[in-house]
Amino acid sequence: MSEVLECHGLSKRYGAKLALESVDLTLARGELVGLLGPNGAGKTTLMKSACGLLRPSAGSVSVCGAPAGSGEALSRLGYLAELFRFPGWLTAEEVIELHQGLSRSRGGAAERAALLDLVGLGEARGVKVDAMSKGMQQRLGIAQALVGTPHLLLLDEPASALDPAGRRAVRELLLSLRQRGISVLLNSHLLSDVELVCDRVVLLVGGRVVRSGRPADLVRPRGVEVETASGVHTYEGSTREDAPRIVSELVAGGEQVYGVRVLASTLEDVYLESVGA
Amino acid sequence: MSPWATVVRYAVQESLRRRVFLVVLVLTGLFLAAYTAGALAIFGGLDDFGGDGDERAAVGTGLLGFAMFVVLFLGTTLAIFLTIGTVRGDAERGLLAPLVVRPLGRTQLLGARMAAAAAMSGGYVVAFFAVLVLLTGAVGQWFPDAVLGAGAGLVGAVLVVCALSLLGSTFLTATANGIAVFMLFGAGLAAALLHQLALGLDSGALKGISELAGWLLPFMALYLASLGSLGPDINTADILGGPSGVALFLWTLVYLALLAAGARTAFLRRDL
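In this numbering scheme, every chain counts its residues from 1 along its sequence in written order. Written order determines the labels here, with chains lettered from A and ligands numbered from 1. Residues qualify for local features only when their pLDDT is at least 70, as the model is predicted, and side-chain atom pairs are given and counted only at 80 or more; totals for whole chains, interfaces and linings, by contrast, use all residues. In computing side-chain properties, one takes all heavy atoms of the structure into account and sets aside hydrogens as well as water.

> Could you give me a rundown of the overall build of chain B, with the residues and numbers involved?
Strands here are runs of E lasting at least two residues and helices are runs of H or I lasting at least four, both read from the DSSP assignment and numbered beginning at the N terminus. Helix and strand counts for chain B stand at eleven helices and zero strands. Here the C-alpha atoms of chain B give a radius of gyration of 20 Å, agreeing with the 19 Å that 2.2 N^0.38 yields for 272 residues. Summarising its shape, the C-alpha atoms of chain B cover approximately 65 × 45 × 30 Å along the three principal directions. Burial status follows relative accessibility: with a 1.4 Å probe on protein chains alone, a residue under 20% of its type maximum counts as buried, one over 50% as exposed, and anything between as partly exposed. Among the 272 residues that make up chain B, the fraction classed as buried is 50%. Residue contacts are counted whenever heavy atoms from the two residues lie within 4.5 Å of one another. Contacts spanning at least 24 positions in sequence make up 81% of the contacts within chain B whose residues lie at least 6 apart. Only the protein chains shown count as cover for residues, and all accessible areas are computed by the Shrake-Rupley method using a 1.4 Å probe. Just so you have it, chain B exposes about 11600 Å², and 71% of that area is on carbon and sulfur atoms. Taken together, the 14 basic and 14 acidic charged side chains of chain B have centroids lying 26 Å from each other. Put simply, the radius of gyration uses C-alpha atoms, and a globule should come to 2.2 Å times the residue count raised to 0.38. The charged-residue count follows a simple rule in which Lys and Arg add positive charge and Asp and Glu add negative charge, with His and chain termini not counted at all. Every charge is mapped onto a representative atom, which is NZ of Lys, CZ of Arg, CG of Asp or CD of Glu.

> I'd love a proper account of a negative patch on the surface, names of residues and values included.
The residues that make up patches have over 30% relative accessible area and no salt bridge, and they are joined within 9 Å when like-charged or within 5 Å when they are Val, Leu, Ile, Met, Phe, Trp or Tyr. Definition used for salt bridges: Asp or Glu carboxyl oxygen within 4 Å of a side-chain nitrogen of Lys or Arg. Where like charges cluster on the molecular surface, the negative patch consists of Asp52, Asp54, Glu55, Asp145 and Asp233 of chain B. Taking relative accessible area as the criterion, Asp145 of chain B reaches 54% and is therefore assigned exposed.

> So what about the sheet that holds strand S9 (residues 200-205) of chain A? Which residues, and what values?
All names here are of chain A. Paired strands, in this sense, are two strands between which DSSP finds at least two bridges. Within the open sheet, the six strands sit side by side as S6-S7-S8-S3-S9-S10. Their pairing is mixed. With one partner strand each, in any of the chains shown, strand S6 (77-80) and strand S10 (208-213) form the two edges of the open sheet. The average angle at which neighbouring strand axes cross in this sheet is 15 degrees, direction not considered. Taken together, the four bridges between S6 and strand S7 (residues 152-156) define a ladder with parallel strand orientation. Pairing of Tyr79 across the sheet is with Leu154, part of S7. Lines fitted to the C-alpha atoms define the axes, with helices restricted to the stretch that makes contact. Angles between their N-to-C directions range from 0 to 180 degrees.

> Just give me the short version of the interface of chain A and chain B, but keep the residues and values in it.
Facing the 30 residues of chain A at the interface are 27 residues of chain B. Buried area is understood as the total, over both parts, of accessible area removed when two parts are fitted together, assessed with a 1.4 Å probe. Summing both sides of the interface, chain A and chain B together bury roughly 2500 Å²; the carbon and sulfur share of this comes to 61%. Summed over the three residues of chain A that lose the most area to chain B, namely Leu53, Trp89 and Leu102 of chain A, the buried surface amounts to 30% of that side. The interface formed by chain A and chain B holds one salt bridge in total. Among the secondary structure elements, those contributing two or more residues to the side of chain A that touches chain B are helix H2 (71-74), S6, helix H3 (92-102) and helix H5 (134-145) of chain A.

> How would you explain the pattern of salt bridges if you had to name every residue and give the values?
Summed over the entire model, instances satisfying the criterion amount to 16 salt bridges over all chains. Residue Glu31 of chain A pairs with Arg200 of chain A through a salt bridge whose shortest N-O separation is 2.8 Å. One end of the pair, Glu31 of chain A, is in the loop between strand S2 (17-28) and strand S3 (32-36); the other, Arg200 of chain A, is in strand S9, with 169 residues separating them in the sequence. When sorted by exposure, Glu31 of chain A lands in the same class as Arg200 of chain A, which is buried. Among the ionic pairs, Arg88 of chain B bridges to Glu92 of chain B, the shortest N-O distance being 3.0 Å. Residue Arg88 of chain B and its partner Glu92 of chain B are located together in helix H4 (residues 88-92), separated by four residues, close to a single helical turn.

> Could you give an account of the packing of helix H7 (residues 147-169) of chain B against helix H8 (residues 174-201) of chain B, naming the residues involved and the relevant values?
Residue and element names in this part refer to chain B. One way to put it is that H7 packs onto H8 with a least axis distance of 9 Å and a crossing angle of 145 degrees. As for the relative orientation of H7 and H8, their crossing is right-handed in sense. The segment H7 lies against H8, with Val161, Leu164, Ser165, Gly168 and Ser169 engaging Asn177, Val181 and Leu184. In this classification, the charged set is Asp, Glu, Lys and Arg, the nonpolar set is Ala, Val, Leu, Ile, Met, Phe, Trp, Tyr, Cys and Pro, and all remaining amino acids, among them Gly, are polar. Across the contact of H7 with H8, the residue classes tally to four nonpolar, four polar and no charged. Helix crossings get a hand from a simple test, with the near helix turned counterclockwise from the far one by less than a right angle marking a left-handed crossing and a clockwise turn marking a right-handed one.

> Let's hear about the nonpolar core: which residues, and what values?
For our purposes a nonpolar core is just a set of buried Ala, Val, Leu, Ile, Met, Phe, Trp, Tyr and Cys residues, chained together by side-chain atoms within 4.5 Å. Within the largest apolar cluster, 156 residues are counted, with the highest numbers of intra-cluster contacts made by Leu5, Tyr79 and Leu140 of chain A. Counting residues per element, this core draws most heavily on helix H6 (residues 106-140) of chain B, at 15 residues. Beyond its immediate sequence surroundings of up to four residues, Leu140 of chain A is in contact with Phe86, Ala92, Val95, Ile96, Leu116, Leu121, Val129 and Met132 of chain A. Membership of the second largest hydrophobic core comes to five residues, among which are Val224, Val226, Ala243 and Leu250 of chain A.

> Tell me about the side chain of Thr252 of chain B, residues and numbers included.
With respect to the helices, strands and loops of the structure, Thr252 of chain B is situated in helix H11 (residues 245-269). The residues contacting Thr252 of chain B, other than those within four sequence positions of it, are Val160 and Leu222 of chain B.

> Requested: an account of unusual backbone geometry, with residues and values cited.
Positive phi, normally seen in glycine, also occurs at Thr149 of chain A, with a value near 50 degrees. By secondary structure assignment, the location of Thr149 of chain A is in the loop between H5 and S7. Of note, Asp202 of chain B is a non-glycine position whose phi angle comes to about 55 degrees, a positive value.

> Just give me the short version of the sheet that holds strand S11 (residues 221-228) of chain A, but keep the residues and values in it.
Residue and element names in this part refer to chain A. Read from one edge of the open sheet, three strands run S12-S11-S13, paired in antiparallel fashion. Looking at the sheet topology across the chains shown, the edges are occupied by strand S12 (231-236) and strand S13 (257-264). Sheet twist, expressed as the average angle between the axes of neighbouring strands with direction ignored, equals 15 degrees. Direction of pairing for S11 relative to S13: antiparallel, over a ladder of seven bridges. Within S13, the residue paired with Gly223 across the bridge is Leu263.

> Lay out helix H2 (residues 19-49) of chain B with the relevant residues and their values.
All names here are of chain B. A helix is expected to span 1.5 Å for every residue after the first. Between its terminal C-alpha atoms H2 stretches 45 Å, which fits the 45 Å expected from 31 residues at 1.5 Å a residue. As for H2, its buried residues are in contact with helix H1 (3-17), helix H3 (53-83) and H6. Just past H2, the residue Gly50 takes up positive phi, approximately 80 degrees.

> I'd love a proper account of the environment of Gly241 of chain B, names of residues and values included.
All names here are of chain B. For Gly241, the position within the fold is in the loop between helix H10 (219-228) and H11. Taking the relative accessible area as the measure of exposure, Gly241 reaches 6% and is therefore buried. When sequence neighbours within four positions are dropped, the list of residues in contact with Gly241 reads His195, Ser210, Glu211 and Gly214.

Written out as structure tokens, the structure is:
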């Protein structure tokens with residue numbers, strides 16, 4: 001797979017504070033990567049470096065082979081900032097039209113309608129930003145980021161202001177984008193969402209990548225739980241492979257087994273362990 | 001529509017929706033009403049007195065010259081408020097990032113914002129000045145000698161302030177930038193007063209300072225040059241030291257180019 005985003009030895013210093021330290025990160029086409037970490041870990045700095053809003057202190061970032069921030073790189077990405085605002089006097093449709101003009105999109109009215117429908121704002125296309133709730137503005141932000149069908153989507157806390165239904169809609173949207181071959185770098189504190197949709201997770205702490213991999217590979221087995229007539233027994237340290245043997249021994253010992261569950265740590269456990277919480 | 005034109009259109013629309021634009025328009029309307037009443041009274045008195053063409057020209061020059069300062073002040077106010085938050089102000093409010101990550105580039109974005117602000121404030125100055133000239137002509141049957149020169153000087157002065165404000169916006173927050181640019185505007189006025197003081201005291205040091213201020217803040221020299229275009233007998237060269245004539249025109253072009261280059265460099269180097 002070709003790399004859509006490549007960061008090599010990326011460092012960013014704000015005065016005496018090192019916000020990013022030699023970060024290496026790649027995103028393949030159609031890959032959905034979750035960026036996790038505590039506040040101040042460097043996630044937003046990484047996002048901003050990828051879209052050219054920040055100049056790296058060291059290292060390099062490229063989008064589809066072009067240096068981050070160049071016209072070629074910017075023409076291939078969509079970005080939703082963590083803290084953003086659209087002019088309150090524009091309607092939802094006018095915001096999308098503005099960004100179509102800026103990105104030279106030829107999608108016209110059909111693209112505007114499709115994007116607003118995609119984020120559930122089809123009926124609100126004539127509503128001014130000033131009259132929108134925070135959640136509606138966030139959905140508009142996602143639609144704006146998708147103008148011109150980018151190859152790479154950088155989403156910084158896209159679901160922070162959304163209700164559970166809105167979060168589910170964003171998850172479904174992310175999965176559909178992946179199917180269309182769009183790569184997504186998702187910065188989110190919503191670990192359950194990240195665990196559900198992301199192919200890979202990168203955990204940043206203190207500006208450094210401390211863990212990286214598929215969610216399933218990051219979690220560790222915690223044991224096997226067996227429900228018998230005499231109660232629930234937990235076999236800590238046992239793995240999935242140990243389950244048949246455990247059940248056989250219990251049955252041989254006269255126990256009646258009603259259920260077996262393989263226990264594993266969650267992404268939240270991995271996260272908390274990594275950040276030292 | 002090109003991305004550049006898109007930003008210009010967006011910035012012009014934004015300008016029209018700002019409350020300051022409405023405030024400036026209301027103040028303009030009030031001033032025009034007062035100016036008309038004043039012109040009617042003064043030129044009416046001149047008719048009763050049986051004033052000749054020279055007296056009519058003197059009254060017209062005085063009235064229009066005074067009104068031109070109001071044009072400069074309101075044009076400058078508009079220019080400052082349209083540009084004070086262009087970079088850092090908009091960045092802090094979260095408005096800039098969605099625009100900057102589009103492929104048009106920071107240079108084009110800044111150029112388009114400057115073009116829109118210049119078109120709005122320059123257009124306002126042209127329209128306001130034209131109405132004043134026509135009003136003065138209709139009431140007093142007097143027109144200035146070089147209308148275009150006078151108007152161009154005013155527009156140039158406002159463009160200089162506009163460019164200063166744009167440059168300031170790359171470093172300062174909107175409030176700080178607004179205060180700084182108004183202080184520079186005041187410094188330009190003070191330089192003219194200082195020059196008069198220097199002439200009265202025959203002080204070489206004060207003269208040198210006021211001339212340096214005249215070069216560093218050329219909007220005052222441009223305003224005085226536009227006053228000088230009202231009639232052949234008006235000499236504004238001694239009001240302020242610094243550039244005049246062709247040197248003023250060329251220096252203004254160089255000055256604007258330097259401000260634009262400075263703003264561009266600062267914006268390109270700025271982390272957002």
